[in-house]
Amino acid sequence: MTEAPPIQRHYFVDEAGDPVLFDARGNAMPGQEGCSKHFMLGVLDVPDPVSLAAALEALRAQLLADPYFHGVPSMQPERRKTAWAFHAKDDLPEVRREVFRVLMTQEVRFFAVVRDKARVLDYVRQRNRNDVAYRYQPNELYDSMVSRLFKDRLHLTPEVNVCFAERGKSDRSAALASALETARQRFNAKWQRSTQSVIRARESSPARDVPLQAADYFLWALQRHYERQESRYLDLVWPKVGLIQAVDETDVAPYGAYYTKKKPLTKVSG
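Note that this is a predicted model, so its numbers are computed, not measured. (Residues numbered from 1 in each chain as written. Predicted model: local features only at pLDDT ≥ 70, side-chain atom pairs only at ≥ 80, totals over all residues. Heavy atoms only, no water.)

### So, the pairing of strand β3 (residues 109-116)
Side-chain direction in a regular strand flips from residue to residue, so the side chains alternate between the two faces of the sheet.
Point 1. Most of β3 is tucked away, with 6 of its 8 residues classed as buried.
Point 2. Relative to β3, strand β2 (residues 38-45) runs antiparallel, the two sharing 8 bridges. Bridge assignment links Leu41 to a residue of β3, and that residue is Val113.
Point 3. Judged from the 5 bridges that link them, β3 and strand β6 (residues 241-246) form a sheet pairing that is parallel. Residue pairing across strands places Ala112 opposite Ile244, the latter belonging to β6. (Buried < 20%, exposed > 50% of the residue type's maximum accessible area, 1.4 Å probe, protein only. Helix = DSSP H or I, 4+ residues; strand = E, 2+ residues; numbered from the N terminus. Pairing = 2+ DSSP bridges.)

See the structure below:
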C-alpha cells in the first residue's frame, strides 16, 4: 500500500547571533568586539516531534546517570543548563558529541537564512538617509527572515504547526503569525496559487518543546562555520540540511547564495 501523505508539518524555529545593530547610545555594533557578525534563523522540519523528544530525553537521562558527569556544574539541576535542556553553547564537548550522534539518527531536515549584519547596517543607514523618520527595530529583521525562511514551506500539508523559541518576555505569537502569512502571500504571488493551509504559530521554550533543542544544535553548527570558520560540526550534520540561504553573499547573484546537497557550504560536505 502507498503511504498516505502527511496531514500536518511541524517546524521548530530558533536563532543564532542576534539582530541588534546599535547599542543604547545609538552606536553601530557590527564589527565591534563581542558583537556577532551574522544573524541566523533556522527551522527544523520534524515529522515526528514525539519520537525526537523521546530520543533526546532518553539521552539526557542516560548522561545524568553516568558517573563520568558526576559533579559537573552544567549537569546539576539547580544550574538549569544541560540537566534541563540541551544547549550546544553550554553543553560539554562530550555531551555535544552524543547529542549530534542522536540527531543524525532522526528523520529531520534543517533550513536556515543567514544575514551579514554589516550589510544589514549598510541598508539601514541608506534607508535613514532617504527617510529621517525611519528607526530600525531588531524584530523587523527577525520577522523579515521568518517570511523568507517559510516562503516555500507553508503549502506542503493542509496543516502547519510552527513553534518559535521564545525571545524576551513579550508574546510575539501574533506578529510571527503575520510574518508567516506574508510568506504565504509571497509564495502565492510567485506561483499564482492560492494555498489554504491552516497555520498555527506559537512560542515556547526548549525545556517545554524538546525539538527546539535540536534546532539549537543545528544552528550552533552553522554559526561556528560563519563566526569561527570551524566547519567540522556543519560537515557532520550536512546530510540533514535542506537549504541554507546566505542573503548577503551577492558576489555571484543579487539574491545571495543558496547552499544545498549539490552545492554544499563547505568543501568536504555532501
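The rest of the description comes next.
### Quick look at the pattern of salt bridges
Point 1. On inspection of all chains with the given rule, the structure shows 16 salt bridges.
Point 2. Note that Arg232 and Glu230 form a salt bridge whose closest N and O atoms lie 3.4 Å from each other.
Point 3. What you see here is one network of salt bridges that share partners, running through Lys81, Lys89 and Asp90. (Salt bridge = Lys/Arg side-chain N within 4 Å of Asp/Glu carboxyl O.)

### Concerning unusual backbone geometry
As a rule of thumb, non-glycine residues mostly have phi less than zero, and peptide bonds are mostly trans rather than cis.
Point 1. Unusually for a residue other than glycine, Arg80 sits at a positive phi of about 55°.
Point 2. Among the structural elements, Arg80 can be located in the loop between α1 (49-64) and α2 (93-103).
Point 3. A positive phi angle is found at Gln229, which is not glycine, with a value near 55°.
Point 4. Following the sequence through the fold, Gln229 ends up in the loop between α6 (211-228) and α7 (232-237).

### Let's talk about the nonpolar core
Point 1. Among the nonpolar cores identified, the biggest contains 47 residues, and Leu44, Leu56, Leu103, Phe110, Leu222 and Ile244 are the most heavily contacted of them.
Point 2. No other element matches α6, which puts 10 residues into this core.
Point 3. The contacts of Leu44, once residues within four sequence positions are left out, are His10, Tyr11, Phe12, Leu52, Val108, Arg109, Phe110, Pro211, Ala214, Ala215 and Phe218.
Point 4. Within the second largest apolar cluster, 28 residues are counted, among which are Tyr136, Phe150, Val162 and Leu176. (Core = buried A, V, L, I, M, F, W, Y, C linked by side-chain atoms within 4.5 Å. Contact = heavy atoms within 4.5 Å.)

### Comments concerning the environment of Gly42
Point 1. Tracing the backbone through its elements, the reader meets Gly42 in strand β2.
Point 2. Linking Gly42 and Pro254, residues 212 residues apart in sequence, is a C-alpha distance of 22 Å.
Point 3. Aside from chain neighbours lying at most four places away, what touches Gly42 is Phe12, Val13, Asp14, Phe110, Phe111, Ala112, Leu149 and Leu219.

### Quick notes on the sheet that holds strand β1 (residues 8-16)
Adjacent strands of a sheet pair through backbone hydrogen bonds, lying either parallel or antiparallel.
Point 1. With mixed pairing, the 7 strands of this open sheet are ordered in space as β5-β4-β1-β2-β3-β6-β7. In this open sheet, the two strands that pair with only one neighbour each are β5 (198-204) and β7 (257-259). Each adjacent strand pair in this sheet contributes to an overall mean axis angle of 15°, direction not counted.
Point 2. Bridge count between β6 and β7: 3 bridges; the pairing is antiparallel. Note on β7: the bridge partner recorded for Ala246 is Ala257.
Point 3. Here α6 sits on the sheet and contacts β1, β2, β3, β4 (159-165), β5, β6 and β7; the angle it forms with β2, its principal contact strand, is near 140°. (Axes fitted to C-alpha atoms, helices over the stretch in contact; angles between N-to-C directions.)

### Describing the packing of aromatic side chains
Point 1. Evaluation of the coordinates by the stated rule reveals 10 aromatic pairs.
Point 2. Measuring from ring centre to ring centre gives 5.1 Å for Phe100 and Tyr217, while their planes differ by 75°; the resulting arrangement is edge-to-face. A residue pair is termed long-range when its members are at least 10 positions apart, and Phe100 in helix α2 and Tyr217 in helix α6 qualify at 117 residues. Residues Phe100 and Tyr217 agree in their burial class; the two are buried.
Point 3. With centroids separated by 4.6 Å and ring planes inclined at 65°, the aromatic side chains of Trp220 and Tyr233 adopt a geometry described as edge-to-face. Taken together, the residues span a long stretch of sequence, with Trp220 in helix α6 and Tyr233 in helix α7 at a distance of 13 residues. (Phe/Tyr/Trp six-rings, centres within 6.5 Å; stacked < 30°, edge-to-face > 60°.)

In short, the description is geometric, and any link to function would need to be established separately.
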